[in-house]
Amino acid sequence: MRAPGAGAASVVSLALLWLLGLPWTWSAAAALGVYVGSGGWRFLRIVCKTARRDLFGLSVLIRVRLELRRHQRAGHTIPRIFQAVVQRQPERLALVDAGTGECWTFAQLDAYSNAVANLFRQLGFAPGDVVAVFLEGRPEFVGLWLGLAKAGMEAALLNVNLRREPLAFCLGTSGAKALIFGGEMVAAVAEVSGHLGKSLIKFCSGDLGPEGILPDTHLLDPLLKEASTAPLAQIPSKGMDDRLFYIYTSGTTGLPKAAIVVHSRYYRMAAFGHHAYRMQAADVLYDCLPLYHSAGNIIGVGQCLIYGLTVVLRKKFSASRFWDDCIKYNCTVVQYIGEICRYLLKQPVREAERRHRVRLAVGNGLRPAIWEEFTERFGVRQIGEFYGATECNCSIANMDGKVGSCGFNSRILPHVYPIRLVKVNEDTMELLRDAQGLCIPCQAGEPGLLVGQINQQDPLRRFDGYVSESATSKKIAHSVFSKGDSAYLSGDVLVMDELGYMYFRDRSGDTFRWRGENVSTTEVEGVLSHLLGQTDVAVYGVAVPGVEGKAGMAAIADPHSLLDPNAIYQELQKVLAPYARPIFLRLLPQVDTTGTFKIQKTRLQREGFDPRQTSDRLFFLDLKQGHYLPLNEAVYTRICSGAFSL
């Protein structure tokens, strides 16, 4: 954009003409002509097309900043903010469990969380202690971490799909002194009991399954019934910059990492969602996303805890019940990830899908190809697509419904929100720098890595990182915007158009997204290699036509053609979450490696699962049948046409 140079030229011409004694109107007209002729018309076009959007975005930014400043000065925390909501509307519905029909008022949620706080204080737990929470999404989940926060403790929210080694790893690295798990998770906990420290205190919440209670486990519900439901007599001295809980994210490499969520980050994420999409106190939000992730627990549940909305929970998304739930509970806002929208579109047309009151769908991953089809078929007036990660400081939001965009950054005032797309080596994702050693910003239409300038004194720009200091340092680069500064590396490649709208391009590094989860290729490679006697394995994501995210594909060295894909699958079911199991297998004589013995994936990713590109044995996981099929050209064609359910 040539606006700065054009502007300077027009100012100089204005001054010269004024010195020559010409009328100011002539001078102004001539200056405008120079400005337009020098390329300034492009900037004027951008101003005309984006000023309204940018002003609204600026108002949201200012509003969130002022709210945060007020709470910081008052010494508030998320529990204290929730307490004020309870006092305003104690009898309003706070949480509804769509699966059971159970309804919790704000007063009931407050009482339950108070009981949790009092119980764990009585048991000797102290502010700063970590307690792991491992149960499916239901009102108790919210009450547990909220109650722990009231007592100054920090919950580690575990992904309910974790099993065996990854589960033991997350528990071990969390530093948890106790584990609260749901009755439905007994079998998963039993598998790792031998790897857990003897000092870890275990509590079981909810109905027990056929396995019964595990040894050395306390039943939590009877203990809570005996605990006081009054507020704690001594409130811990916590503030908005203190830790609230941990959310596990696979990030770009390795096993899941515990991302630190402080009180101000929770507030910021929920507040941006609330104001950017003009949510109202009377709204009812439908949340069928996992509560161990930030979208469901912060963007969704945060509307309840901070702004007093009713939130309807369903522990697992159901395409057939989605609109029925929305009608039954009068929902006006729904949350989604891209796959949810696709699954809903694949359902047969039903009368219920147009009888709801939903006006807004908030989420990420909605493919441009089905965006308008979704809004037109289901009559949802607004899509609130956004981009963000639990730990990032460069979240963006699509506030005006631009189809396909996940957000924007102002071209008029780009420094108001200091984020940027910078050039990287696409093979190594290494930052490219100019002669001064600074990162090179991308021009409109150029893909680049999204980065956000870090300022730890600013709650909108701080980066709290992970429990692991080494993992935190890997996400920070220096001298990005200016000499000596620090910036958060998102690990994601986006593209920005001339008007500042941004579009998600790809997730870089060793992670891809499938079924709403980040899949760490390093983790899956490690599991497969271990199962196969340390065989060389390369795991990567491949795009499937018409499907969100990338499906997992594993290339396995099988020089003697001895491997049985379905025997491998039987073992994978025991050790990997469903979303992490490879959809495609490629059995080949050897896996390419670099000169430093690192697995080389570039060629494999380029060839994908197309049998016309290789003579290697290919297999496809038929999820309905529960086994791998040989992947020939006929099967390939059926996959690409959407004949198989993925």
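As annotated in an unreviewed UniProt entry, the chain carries the name Arachidonate--CoA ligase and comes from Gorilla gorilla gorilla. UniProt's Subcellular location (unreviewed entry) comment on the chain is quoted here verbatim: "Endomembrane system". The Sequence similarities (unreviewed entry) comment attached to the chain in UniProt states, word for word, "Belongs to the ATP-dependent AMP-binding enzyme family."

Enquirer: A description of the pairing of strand S27 (residues 617–622) should follow, citing residues and the corresponding values.
Expert: Judged by how many residues are buried, S27 sits mostly within the fold: 5 of 6 residues are covered. Where strand S26 (residues 584–588) meets S27, 4 bridges bridge the pair, whose relative direction is antiparallel. Residue Leu587 lies in a different strand from S27, and its bridge partner there is Arg617. Note that S27 and strand S28 (residues 627–630) share 4 bridges and pair antiparallel. Note on S28: the bridge partner recorded for Leu621 is Tyr628. Counting the residues that bridge the hairpin from S27 to S28 gives 4 residues, and of these Gly626 lies at a positive phi of roughly 75 degrees.

Enquirer: Go over the nonpolar core with me, naming the residues and quoting the values.
Expert: Phe120, Phe134, Trp145, Phe245, Tyr266 and Leu305 are the most contacted members of the largest nonpolar core, which has 128 residues in total. Ranked by residue count, the leading element in this core is helix H4 (residues 106–122), at 8 residues. Per-domain counts for this core show at least three residues from each of domain 2 (75–316) and domain 3 (408–507). Dropping the residues within four chain positions of it, Phe245 is found in contact with Trp145, Ala155, Leu157, Ala259, Ile260, Val261, Tyr266, Asn297 and Ile298. Residues Val547, Ala554, Leu621 and Ile639 belong to the second largest nonpolar core, which totals 47 residues.

Enquirer: Describe in detail the sheet that holds strand S2 (residues 103–105), supporting the description with residues and values.
Expert: The strand order across the open sheet formed by 8 strands is S2-S1-S11-S10-S12-S13-S14-S15, and the pairing between neighbours is mixed. With partners counted over all chains shown, the strands left at the sheet margins are S2 and strand S15 (396–397), one partner each. Sheet topology places strand S10 (residues 284–287) next to strand S11 (residues 310–313); 4 bridges connect them, and they run parallel. Note that in S11 the partner of Leu285 across the bridge is Val311. Relative to the sheet, H4 contacts strand S1 (93–97) and S2, its axis offset from that of S2 by approximately 85 degrees. In this fold helix H10 (residues 294–307) packs onto S1, S10, S11, strand S12 (333–337), strand S13 (360–364) and strand S14 (382–387), with an angle of close to 160 degrees to the strand it touches most, S10.

Enquirer: Requested: an account of unusual backbone geometry, with residues and values cited.
Expert: Unlike most non-glycine residues, Arg278 shows phi in positive territory, near 50 degrees. By the secondary structure assignment, Arg278 is in the loop between helix H9 (263–276) and S10. The exposure class assigned to Arg278 is partly exposed, which follows from its relative accessible area of 47%. Residues other than glycine seldom take positive phi values, yet Ser479 does so here, at roughly 55 degrees. Among the secondary structure elements, Ser479 is positioned in the loop between strand S19 (476–478) and strand S20 (486–496).

Enquirer: Outline the sheet that holds strand S24 (residues 537–542), listing residues and values.
Expert: The strands that make up a sheet pair up through hydrogen bonds in the backbone, lying either parallel or antiparallel. With respect to topology, 5 strands assemble into an open sheet ordered S24-S25-S26-S27-S28, the strand pairing being mixed. The open sheet has two edge strands, S24 and S28, and neither has a second partner. The average undirected angle you get between the axes of adjacent strands in this sheet is 25 degrees. Where strand S25 (residues 551–557) lies against S26, 5 bridges are found, and the strand directions are parallel. Each bridged residue has a counterpart across the sheet, and for Ala554 the counterpart in S26 is Leu585. Those strands touched by helix H16 (residues 565–575) are S25, S26, S27 and S28, and its axis lies near 155 degrees from that of S28.

Enquirer: Kindly report on the packing of helix H15 (residues 521–531) against H16, identifying the contributing residues and their values.
Expert: At a closest axis distance of 11 Å, the pairing of H15 and H16 adopts a crossing angle of 130 degrees. Considering their axes alone, H15 and H16 lie oblique with respect to each other. As for the relative orientation of H15 and H16, their crossing is right-handed in sense. Contact residues: Val527, Leu528 and Leu531 in H15; Ile568, Glu571, Leu572 and Val575 in H16.

Enquirer: If you had to explain the environment of Asp610 to someone new, which residues and values would you point to?
Expert: Examined against the element boundaries, Asp610 turns out to sit in the loop between helix H17 (602–607) and S27. For Asp610, a relative accessible area of 9% translates into the label buried. In sequence terms Asp610 and Phe169 are 441 residues apart; their C-alpha atoms lie 36 Å from each other. In this structure Asp610 touches Leu618 and Tyr636, once residues within four positions along its chain are discounted. A distance of 2.9 Å separates the side chain of Asp610 from the backbone nitrogen of Arg612, its partner in a polar contact.

Enquirer: How would you summarise the packing of aromatic side chains if you had to cite specific residues and measurements?
Expert: Working definition: an aromatic ring pair is given by the centre-to-centre distance plus the angle between the planes. All chains considered together, the criterion is met by 22 aromatic pairs. Taking the centre distance of 6.5 Å and the plane angle of 50 degrees together, the rings of Tyr267 and Tyr307 count as tilted. Taken as a pair, Tyr267 in helix H9 and Tyr307 in helix H10 lie far apart in primary sequence, 40 residues in all. Taking relative accessible area as the criterion, Tyr267 reaches 2% and is therefore assigned buried. Centre to centre, the rings of Phe463 and Tyr466 are 6.4 Å apart; their planes meet at 85 degrees, and the pair counts as edge-to-face. Judged by relative accessible area, which is 5%, Phe463 ranks as buried.

Enquirer: So, the side chain of Ser205: which residues are in play, and what are the values?
Expert: Along the chain, Ser205 falls in strand S6 (residues 201–205). Not counting residues up to four positions away in its chain, the partners in contact with Ser205 are Arg138, Ile180, Phe181, Gly182, Gly183, Leu220 and Asp221.

Enquirer: An account of the pairing of S1 is requested, with residue identities and associated values reported.
Expert: Of all the 5 residues making up S1, 4 are buried; the element is thus mostly covered by neighbouring parts of the structure. Pairing between S1 and S2: 3 bridges, direction antiparallel. Considered in S2, the bridge of Leu95 is made with Trp104. Where S1 folds back onto S2 in an antiparallel hairpin, the turn is made up of 5 residues, including Gly101, whose phi is positive at roughly 85 degrees. Taken together, the 3 bridges between S1 and S11 define a ladder with parallel strand orientation. The residue of S11 that forms the bridge with Leu95 is Val311.

Definitions and limits used
Residues numbered from 1 in each chain as written. Predicted model: local features only at pLDDT ≥ 70, side-chain atom pairs only at ≥ 80, totals over all residues. Heavy atoms only, no water. UniProt positions renumbered as here; feature names shortened; annotations may be inferred. Buried < 20%, exposed > 50% of the residue type's maximum accessible area, 1.4 Å probe, protein only. Helix = DSSP H or I, 4+ residues; strand = E, 2+ residues; numbered from the N terminus. Pairing = 2+ DSSP bridges. Core = buried A, V, L, I, M, F, W, Y, C linked by side-chain atoms within 4.5 Å. Domains from an automatic or database assignment. Contact = heavy atoms within 4.5 Å. Axes fitted to C-alpha atoms, helices over the stretch in contact; angles between N-to-C directions. Parallel < 35°, antiparallel > 145°, perpendicular 65-115°, else oblique. Left-handed = near helix turned anticlockwise from the far one by under 90°. Polar contact = N/O pair within 3.5 Å; in protein donor to acceptor, adjacent residues only side chain to side chain. Phe/Tyr/Trp six-rings, centres within 6.5 Å; stacked < 30°, edge-to-face > 60°.

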